[in-house]
Amino acid sequence: MSRIVYVNGEYLPEEEAKVSIFDRGFLMADGVYEVTSVLGGKLIDFEGHAKRLERSLTELDMTAPVTSEELLEIHRELVKRNAVDEGMIYLQITRGAPGDRDFVFPDPETTTGTVVLFTQSKPGLADNPVAKKGISVISIEDIRWGRRDIKTVQLLYPSMGKMMAKKAGADDAWMVEDGMVTEGTSNNAYIVKGGKIVTRNLGNEILHGITRAAVLRFAREAQMQVEERAFTLEEAKQADEAFITSASTFVMPVVKIDEATIGTGTPGPIATRLREVYLEESLKAAI
Ligand code: PDD
């Protein structure tokens, strides 16, 4: 069955949704995006995603063609029209289609941004069996640009990273810069040593994950120790536990990094507990 998607004010069957070939998202990766998860037909952390979207747009001098209130309405309408129980909503805003190719930004008075949203139904997302055995990651060099805090649609290198992982028989890749782990291809990276959770501090080097913020809050509320700092790949390989977070994986244990088995090679107690708490608390706050 075809999905109903949203494009610039219209709800359309996916086959009928069109964007111009001159769209700057298509020609220049001049766009930003958000992925919000849906559990029990409700949105997880919508406000966090809306705020980060606003920040991404501001950092790129892009004018938002829709308000946060309108976006909430569109998210809800898409969940309803596509009867999504568990899954994600993808949202993308580009600088629009000025009618030709030009490096110079178009005048926002005459070129309005393109807004696209669609649903991805993933039944069983919360109860993902992979979380019970954990995933394996390889390490790759982080050669992305210097503003990884802006959630742009420039995803070629992360996509190449996933392919490198796949080729190596692993599930994902952790990116490393100057010996320090930055993040996963589409998730934030964590290790646990001696009961302490360590994850990269916020800066331009990583995306400020919305799941990360919630998980660290829940961890602190549960009196767990948290340290926000850069950690080396070597440190990660010697850790008791490792895990990732994102809107599509929530908290996912990592049991292997390159050739190193992490802990016992099975999901550790802290990652397992954090996944439970995250799902429990997020469901309660879902809108
Ligand atoms: N990715 N780091 C990167 C590079 C990401 O692409 C993502 C999200 C995250 C986690 O952010 P959040 O917790 O807000 O989802 C960290 C989304 C899920 C994606 O591209 O599909």
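Criteria and cut-off values
- Residues numbered from 1 in each chain as written.
- Predicted model: local features only at pLDDT ≥ 70, side-chain atom pairs only at ≥ 80, totals over all residues.
- Heavy atoms only, no water.
- Pairing = 2+ DSSP bridges.
- Helix = DSSP H or I, 4+ residues; strand = E, 2+ residues; numbered from the N terminus.
- Contact = heavy atoms within 4.5 Å.
- Axes fitted to C-alpha atoms, helices over the stretch in contact; angles between N-to-C directions.
- Core = buried A, V, L, I, M, F, W, Y, C linked by side-chain atoms within 4.5 Å.
- Buried < 20%, exposed > 50% of the residue type's maximum accessible area, 1.4 Å probe, protein only.
- Parallel < 35°, antiparallel > 145°, perpendicular 65-115°, else oblique.
- Left-handed = near helix turned anticlockwise from the far one by under 90°.
- Phe/Tyr/Trp six-rings, centres within 6.5 Å; stacked < 30°, edge-to-face > 60°.
- Lys NZ or Arg CZ within 6 Å of the ring centre and 35° of its normal.
- Expected span 1.5 Å × (residues − 1).
- Salt bridge = Lys/Arg side-chain N within 4 Å of Asp/Glu carboxyl O.
- Near = heavy atom within 4 Å.
- Polar contact = N/O pair within 3.5 Å; in protein donor to acceptor, adjacent residues only side chain to side chain.
- Areas by Shrake-Rupley, 256 points an atom, 1.4 Å probe, with all protein chains shown as cover.
- Nonpolar A, V, L, I, M, F, W, Y, C, P; charged D, E, K, R; others polar.
- Domains from an automatic or database assignment.
- Buried area = accessible area lost by both parts, 1.4 Å probe.

Glancing now at the sheet that holds strand 5 (residues 87-94). Taken in spatial order, the six strands line up as 2-1-6-5-3-4 in an open sheet, and their pairing is antiparallel. Only two strands of the sheet have a single partner each, and these edge strands are strand 2 (10-13) and strand 4 (42-43). Pairing geometry for strand 3 (residues 31-39) and strand 5, over eight bridges, is antiparallel. From the neighbouring strand, Ser37 faces strand 5, where its bridge partner is Met88. Against the sheet, helix 2 (residues 46-59) contacts strand 3, strand 4 and strand 5, and its axis sits at roughly 180 degrees relative to strand 3. Running at roughly 35 degrees to strand 6 (residues 114-121), helix 3 (residues 68-81) makes contact with strand 1 (4-7), strand 2, strand 3, strand 4, strand 5 and strand 6 of the sheet.

Within the largest apolar cluster, 28 residues are counted, with the highest numbers of intra-cluster contacts made by Ile197, Phe243, Leu274 and Tyr278. Listing elements by their share of this core, those giving two or more residues are strand 3, strand 5, strand 10 (188-193), helix 6 (210-221), strand 14 (250-257) and helix 8 (269-285). For this core, the leading source of residues is helix 8, giving six residues. Ignoring anything within four residues of it in the chain, the contact list for Ile197 reads Tyr190, Ile191, Val192, Ala219, Met224, Gln225, Val226, Glu227, Phe243, Ile270 and Leu274. Membership of the second largest hydrophobic core comes to 23 residues, among which are Ala50, Leu57, Met62 and Val115.

The geometry of helix 2 relative to helix 3 is characterised by a closest axis approach of 11 Å and an angle of 130 degrees between their N-to-C directions. The angle between helix 2 and helix 3 places the two elements in the oblique class. Considering only the axes of helix 2 and helix 3, their crossing is right-handed. Contact with helix 2, carried on its side by Phe46, Ala50, Leu53 and Glu54, involves Ser68, Leu71, Leu72 and His75 of helix 3 and no other residues of that element.

Let us look at the packing of aromatic side chains. Using the criterion set out here, one finds seven aromatic pairs in the structure. Members of the aromatic cluster, joined through ring pairs, are Tyr33, Tyr90 and Phe118. The positively charged end of Arg81 is found above the aromatic ring belonging to Tyr11, 4.4 Å away from the centroid.

What follows covers helix 3. Because the α-helix completes a turn every 3.6 residues, residues three or four places apart line up on one side. Helix length check: helix 3, at 14 residues, gives a terminal C-alpha distance of 20 Å against a target of 20 Å (1.5 Å per residue), a fit within 8%. Among the residues of helix 3, Leu71, Leu72, Ile74, His75, Glu77, Leu78 and Val79 are the ones counted as buried. Following helix 3 by one or two positions, Ala83 has its phi on the positive side, about 45 degrees.

For helix 6, with 12 residues, the first-to-last C-alpha span of 17 Å sits near the 16 Å given by 1.5 Å per residue. Those residues of helix 6 lying buried are Ile210, Thr211, Arg212, Ala214, Val215, Leu216, Phe218 and Ala219.

Once that is clear, we can look at the pattern of salt bridges. Under the definition given, this model contains 25 salt bridges. Residue Arg52 pairs with Glu34 through a salt bridge whose shortest N-O separation is 2.7 Å. Of the two residues, Arg52 is situated in helix 2 and Glu34 in strand 3; the sequence distance between them amounts to 18 residues. Residue Arg52 shares its accessibility class with Glu34, and that shared class is buried. For Glu259, the salt bridge is made with Lys256, and the minimal N-O distance between the two is 4.0 Å. A relative accessible area of 32% means that Lys256 is categorised as partly exposed. Via salt bridges that share partners, Asp142, Arg144, Arg148, Glu177 and Glu183 belong to a single interconnected network.

The next subject is the site of the ligand. In the vicinity of the ligand there are 20 residues, among which Tyr33, Arg52, Glu183, Thr211 and Ala247 approach most closely. Take Glu183: an N or O atom from its side chain is 2.6 Å from a nitrogen atom of the ligand. Summarising the interface, the protein chains cover 90% of the accessible area of the ligand, which totals 480 Å² for the free molecule. Contributions of two or more residues to the shell around the ligand are made by strand 3, helix 2, strand 9 (180-184), helix 6 and strand 13 (241-246). The class makeup of the residues in the shell around the ligand is five nonpolar, 11 polar and four charged. Counting residues domain by domain, the shell around the ligand receives three or more from each of domain 1 (4-121) and domain 2 (129-285).

On to the domain arrangement of the protein chain, then. Under the domain assignment used here, the protein chain contains domain 1 (4-121) and domain 2 (129-285). Between the C-alpha centres of domain 1 and domain 2 there is a distance of 26 Å. Taken residue by residue, the interface counts 20 residues in domain 1 and 21 residues in domain 2. Roughly 1,800 Å² is buried in total at the junction of domain 1 and domain 2, and carbon and sulfur atoms are behind 65% of that figure. Summed over the three residues of domain 1 that lose the most area to domain 2, namely Tyr33, Leu39 and Arg52, the buried surface amounts to 33% of that side. Note that Glu59 is salt-bridged to Arg147, the shortest N-O span being 2.8 Å. Remark: the boundary between domain 1 and domain 2 carries seven residue pairs in polar contact (both at pLDDT 80 or more). Elements that contribute at least two residues to the side of domain 1 that touches domain 2 include exactly strand 3, helix 2 and strand 5.

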